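Understanding the architecture of this molecule
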Amino acid sequence: MSNLTSKKSYPWLVVAMLWFVALLNYLDRQMLATMKPFMEIDIAELVTATNFGRLMAVFLWIYAFMSPLSGIIADRLNRKWLIVVSLFVWSGVTLAMGYARNIDQLYILRAAMGVSEAFYVPAALSLIADYHQGKTRSLAIGFHTSGIYLGQAFGGFGATLAAGTSWQFTFHTFGLIGMVYSLILIAFLREKKTYVIDTSRKRSVRQELSAMGKGLTMLFSNIAFWIILFYFSAPSLPGWATKNWLPTLFSESLNMGMEQAGPLSTMTLAMASLIGVLVGGYISDRWVAKRLKGRIYTGVIGLGLTIPALVLIGYGSGLFMIVTGALLFGLGFGIFDVNNMPILCQFVPSRYRATGYGFMNLAGISAGAVITNELGKALDAGHMNTVFVVMIGAVVLAIILQLTVLRPRTINMTDELLITKNNDPFPVGSKP
């Protein structure tokens with residue numbers, strides 16, 4: 001095993017191993033979005049869009065508020081074991097979903113999934129960022145993120161599999177796959193810290209809280225981090241809206257069954273996003289080598305593409321306009337999404353990145369939970385277009401703030417650079 005980890009290719013093997021975890025992460029959570037017609041036969045409460053929206057939102061709220069804690073823990077403990085345990089638990093929850101008999105049981109299981117899945121992304125992205133510190137960072141995160149979008153795409157086939165078997169069998173199958181794969185990670189995945197954690201002596205609870213407090217102070221005294229939080233959360237409004245409600249919109253707008261609408265909507269969005277993360281990662285890694293704002297400019301291009309996409313999805317009619325909107329949104333969101341952790345790395349040193357991304361998840365997914373719930377109400381009330389106007393406005397504001405405020409002065413922030421830069425009269429990221 002030591003020979004394997006010493007090879008130059010091992011950082012990419014880490015990406016490959018985590019790619020499949022990312023796929024399962026989104027596949028397991030997204031299957032529910034396409035299986036409503038099959039589950040409501042056995043669970044009558046799922047008939048209304050409002051109840052279904054609440055069920056989708058409970059996962060997001062729990063996931064959001066657990067993310068900062070999971071990030072803090074990932075910065076202080078072994079990320080390999082956090083990833084392994086997270087995968088095993090949420091896969092067990094997925095398996096248990098197949099035994100649910102009422103909506104209360106589904107609420108409990110979705111909440112448990114929110115807790116367990118929250119520990120994965122901050123730990124995984126910060127681990128990849130530590131293995132890929134130079135020219136390959138955005139591309140490595142792009143490959144990992146492609147697993148997320150493929151998981152989202154394959155989640156659409158949950159409806160297809162459920163139609164041919166049963167919704168219970170679908171949950172059982174994918175839950176078991178994840179539990180088995182966690183054993184593979186135990187054998188081959190290894191931690192890599194780029195900073196030293198003193199494990200020679202035990203620290204008191206007070207000392208641990210003091211250390212965490214210093215980290216939080218560093219993050220929230222940094223004006224750039226506040227902008228990154230908003231920049232991350234604003235596009236999450238349309239991002240989560242499309243992930244959770246696009247199958248329903250396809251089904252109702254195009255008058256097709258969910259077994260066709262589910263795969264069509266998720267594959268359209270995810271395949272475009274897959275192209276976006278790979279193209280965005282490639283462009284960003286090369287642009288940042290020439291200009292420090294290269295990653296920021298790449299992200300802005302991605303967000304810019306989502307604006308006409310939202311107009312087509314929200315106000316368009318017919319197969320061509322809605323599918324074109326989904327493709328354009330997926331492409332733009334992928335370009336934006338792949339650069340979030342790399343941009344954070346330009347302002348926050350390694351020891352605080354999982355914590356930082358945890359708070360980004362809190363902000364972004366809270367926005368997603370709100371919009372998921374509101375779209376359910378809007379769909380029942382018939383005023384969905386108003387929600388799309390709000391989402392477009394949030395994206396425009398995020399672009400303006402990102403271009404005017406974020407001013408990175410390094411590709412990779414370190415503790416030493418942070419101390420040096422904090423000694424000047426300008427906060428990190430705000431110097432003219």
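Quick caveat: nothing in here was measured; it's all calculated off a predicted structure. (Residues numbered from 1 in each chain as written. Predicted model: local features only at pLDDT ≥ 70, side-chain atom pairs only at ≥ 80, totals over all residues. Heavy atoms only, no water.)

**What about the overall build of the chain?**
When its secondary structure is counted, the chain shows 20 helices and zero strands. For the chain, buried positions account for 58% of its 432 residues. Taking all contacts inside the chain whose residues are at least 6 apart in sequence as the whole, residues at least 24 apart take part in 83%. As displayed, the chain has an accessible area near 16,600 Å², and 68% of this comes from carbon and sulfur atoms. (Helix = DSSP H or I, 4+ residues; strand = E, 2+ residues; numbered from the N terminus. Buried < 20%, exposed > 50% of the residue type's maximum accessible area, 1.4 Å probe, protein only. Contact = heavy atoms within 4.5 Å. Areas by Shrake-Rupley, 256 points an atom, 1.4 Å probe, with all protein chains shown as cover.)

**Topic: a nonpolar patch on the surface**
There is a patch of nonpolar side chains on the surface, built from Ile275, Val279, Tyr282 and Ile283 and spanning about 350 Å² of accessible area. Residue position: Tyr282 is located in helix α14 (residues 258-290). (Patch = residues over 30% accessible without salt bridge, like charges linked within 9 Å, V, L, I, M, F, W, Y side chains within 5 Å. Salt bridge = Lys/Arg side-chain N within 4 Å of Asp/Glu carboxyl O.)

**Focus on helix α6 (residues 103-118)**
The end-to-end C-alpha distance of α6 is 22 Å, a good match for the 22 Å that 16 residues give at a rise of 1.5 Å each. As for α6, its buried residues are in contact with α2 (10-34), α3 (36-39), α4 (49-76), α5 (79-97) and α7 (120-131). Between the side-chain oxygen of the N-cap and the backbone nitrogen of Asp104 there are 3.1 Å, and the N-cap of α6 in question is Asn102. (Expected span 1.5 Å × (residues − 1). Polar contact = N/O pair within 3.5 Å; in protein donor to acceptor, adjacent residues only side chain to side chain.)

**Describing the confidence of the model for the chain**
In the predicted model, the chain carries a mean pLDDT of 84, and the fraction of residues at 70 or more is 88%. Between residues 423-432, whose pLDDT stays under 50, and residues either more than four places distant or in other chains, the model counts 27 contacts. (pLDDT = per-residue confidence, 0-100.)

**Observations regarding the packing of α2 against α6**
For the pair α2 and α6, the least separation of the axes is 12 Å and the interaxial angle reads 160 degrees. If you check the angle between α2 and α6, you find them roughly antiparallel. Where α2 crosses over α6, the two elements pack in a sense that is left-handed. For the pair formed by α2 and α6, the contact residues are Asn25, Asp28, Arg29 and Leu32 on the first element and Arg110, Met113 and Glu117 on the second. Taken together, the residues of the contact of α2 with α6 sort by class into two nonpolar, one polar and four charged. (Axes fitted to C-alpha atoms, helices over the stretch in contact; angles between N-to-C directions. Parallel < 35°, antiparallel > 145°, perpendicular 65-115°, else oblique. Left-handed = near helix turned anticlockwise from the far one by under 90°. Nonpolar A, V, L, I, M, F, W, Y, C, P; charged D, E, K, R; others polar.)

**Looking at the nonpolar core**
The biggest cluster of nonpolar side chains holds 127 residues, and the ones touching the most others in it are Leu18, Ile83, Tyr120 and Leu185. At 14 residues, the largest contribution of residues to this core is made by α2. Leave out the neighbours within four places in its chain, and Leu18 touches Ile83, Tyr120, Ala124, Leu127, Ile128, His144 and Leu189. (Core = buried A, V, L, I, M, F, W, Y, C linked by side-chain atoms within 4.5 Å.)

**Some details on the pattern of salt bridges**
Applying the stated criterion to the full structure yields five salt bridges. The salt bridge partner of Glu117 is Arg29, with a shortest N-O separation of 2.8 Å. Note that Glu117 is positioned in helix α6 and Arg29 in helix α2, a separation of 88 residues in sequence. In this structure, Glu117 and Arg29 share a single accessibility class: buried. Here Arg295 makes a salt bridge to Asp285, at a shortest N to O gap of 3.0 Å. You can see Arg295 sitting in helix α15 (residues 294-315) and its partner Asp285 sitting in helix α14, a full ten residues away along the chain. Ionic contacts of the salt-bridge type, sharing partners, join the residues Arg79, Asp130 and Glu191 into one network.

**Brief notes about helix α16 (residues 319-337)**
For α16, which comprises 19 residues, the first-to-last C-alpha distance of 26 Å matches the rise-based estimate of 27 Å (1.5 Å per residue) to within 8%. Residues of α16 that are buried: Ile322, Val323, Gly325, Ala326, Phe329, Gly330, Gly332, Phe333, Gly334, Ile335, Phe336 and Asp337.

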